Amino acid sequence: MTKASDKLNKPRKGRKSTPRRRADDVAPAEGTARFYYKGNRQKQLRAFVYTVKLGTLTRAAEALYLSQPSVSLQLQALERELGTRLLERSRRRINLTDAGEALYELARPLVEGWEALDRDFQAKVKGLQSGRLTIAAGTSTIQYLLPDLVRRYREQYPAVQLQLANVTGKDGMALLRADQADFAVGSMLDVPNDIAWAPVYHYDPMLITPPDHPLAAKESIRLEDLSPYGLILPPQRLSTYRMVDLVFQQRQVPYQVAIEVGGWDVIKEYVAMGLGISIVTGICITEADRARLAVRNLRQYFPQRAYGVVMRKGKFLSAEARAFIDLIRPGLLTHRDYDESGHSER
């Protein structure tokens with residue numbers, strides 16, 4: 001005897017069994033090249049940006065709380081729809097094609113904007129009541145330039161968690177490119193293609209000596225006058241050392257470095273002790289320093305140093321970041337140069 005349930009499950013004669021289509025499957029229209037995986041471009045771009053930023057599908061999947069196959073399907077759908085290869089997959093890392101590089105520069109600020117929408121909306125409606133801001137800066141910038149700006153920012157936005165990342169040079173660039181810092185404040189000699197640089201403050205180069213030093217009594221100082229005396233300079237990896245070396249080399253003037261040491265305060269202390277002379281940036285000279293050191297302007301030989309805002313081109317700036325930059329100079333970001341994409345030098 002045949003059970004009724006078997007009859008119900010048995011396919012009818014003359015009709016083929018067709019798998020039922022799920023509600024979230026989207027069939028591509030005939031004659032088009034569009035292939036949507038779950039029909040969501042935002043998810044595709046988010047998967048693409050996270051994969052590029054983190055370097056592997058595994059890390060992107062973890063950050064997005066998705067399975068690795070889901071991320072892979074999003075990427076494949078995006079490549080099929082755009083009709084071009086965006087990523088070159090290898091065992092260790094995923095690399096961008098030229099087309100992928102172009103899309104990444106366009107998609108990254110969009111994804112960042114989507115993810116910050118709720119927070120920025122609340123900031124617009126209620127003011128900056130919370131949030132986080134990370135600024136990369138060198139020691140001299142943190143010590144001499146930022147204190148007043150930080151004080152004013154804290155007075156206006158006490159609920160914002162502010163982090164000052166004390167880094168220099170390449171480390172600061174790495175933080176910007178990895179989105180671990182909103183922007184940087186400092187000085188730059190060479191500006192990479194993917195970085196926007198807006199100088200604000202300018203400082204003259206200063207010769208500092210003990211008050212009783214022979215150079216302190218000279219009416220005018222030539223570069224050659226510095227040759228007999230040992231210089232106290234920051235380490236060679238820093239831009240100040242490179243700038244001093246470049247000027248002496250270009251003018252073919254010999255010089256000698258007596259001490260390499262980090263930190264303007266340490267350098268000034270060693271000079272005051274009579275251990276050598278130094279060429280420093282005016283940003284670090286205080287009224288107290290002028291009372292214990294002889295300070296002479298050397299702008300005729302060495303270039304001014306400019307300090308300002310450094311950011312990655314195309315970076316979506318949060319409301320917290322924009323508020324701090326407005327304290328540095330109101331309207332600094334009204335021009336759109338910072339928003340242009342640039343070839344990444346990751």
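All values derive from a computational prediction rather than experimental measurement. (Residues numbered from 1 in each chain as written. Predicted model: local features only at pLDDT ≥ 70, side-chain atom pairs only at ≥ 80, totals over all residues. Heavy atoms only, no water.)

K.L.:
Looking at this model, I keep getting lost on helix α3 (residues 57-64). Mind explaining?
P.N.:
Each α-helix turn comprises 3.6 residues. Residues three or four places apart therefore point the same way. By the burial criterion, the buried members of α3 are Leu 57, Ala 60, Ala 61 and Leu 64. Looking straight down α3, one finds its buried side chains confined to an arc of 100°; they lie on one side. Here the buried face of α3 lies against α2 (41-54), α4 (68-82) and β2 (94-96). One or two steps after α3, the chain reaches Tyr 65, where phi turns positive at roughly 60°. (Buried < 20%, exposed > 50% of the residue type's maximum accessible area, 1.4 Å probe, protein only. Helix = DSSP H or I, 4+ residues; strand = E, 2+ residues; numbered from the N terminus. Arc of directions from axis to C-beta. Contact = heavy atoms within 4.5 Å.)

K.L.:
Sorry if this is basic, but what is going on with the side chain of Ser 278 here?
P.N.:
Note on placement: Ser 278 falls in strand β10 (residues 278-281). Within the structure, the side chain of Ser 278 is placed 2.6 Å from the backbone oxygen of Ile 232, a separation counted as a polar contact. Apart from residues lying up to four places away in sequence, Ser 278 is in contact with Met 206, Leu 207, Ile 208, Leu 231, Ile 232, Leu 233, Ile 267 and Val 271. (Polar contact = N/O pair within 3.5 Å; in protein donor to acceptor, adjacent residues only side chain to side chain.)

K.L.:
What is the right way to read the nonpolar core from this model?
P.N.:
Side chains of nonpolar character tend, in soluble globular proteins, to be buried together. By size, the foremost hydrophobic cluster in this structure holds 41 residues, and its most contacted members are Leu 133, Tyr 153, Phe 183, Val 280 and Phe 324. Those elements giving two or more residues to this core turn out to be β3 (132-137), α6 (139-156), β5 (183-187), β6 (195-203), β7 (205-209), α9 (264-272), β12 (305-312) and α11 (319-328). Beyond its immediate sequence surroundings of up to four residues, Phe 183 is in contact with Leu 133, Thr 134, Ile 135, Ala 136, Leu 176, Val 309, Val 310, Met 311, Ala 321, Phe 324 and Ile 325. Counting 20 residues, the second largest nonpolar core, distinct from the first, contains Ala 47, Val 49, Val 52 and Leu 78. (Core = buried A, V, L, I, M, F, W, Y, C linked by side-chain atoms within 4.5 Å.)

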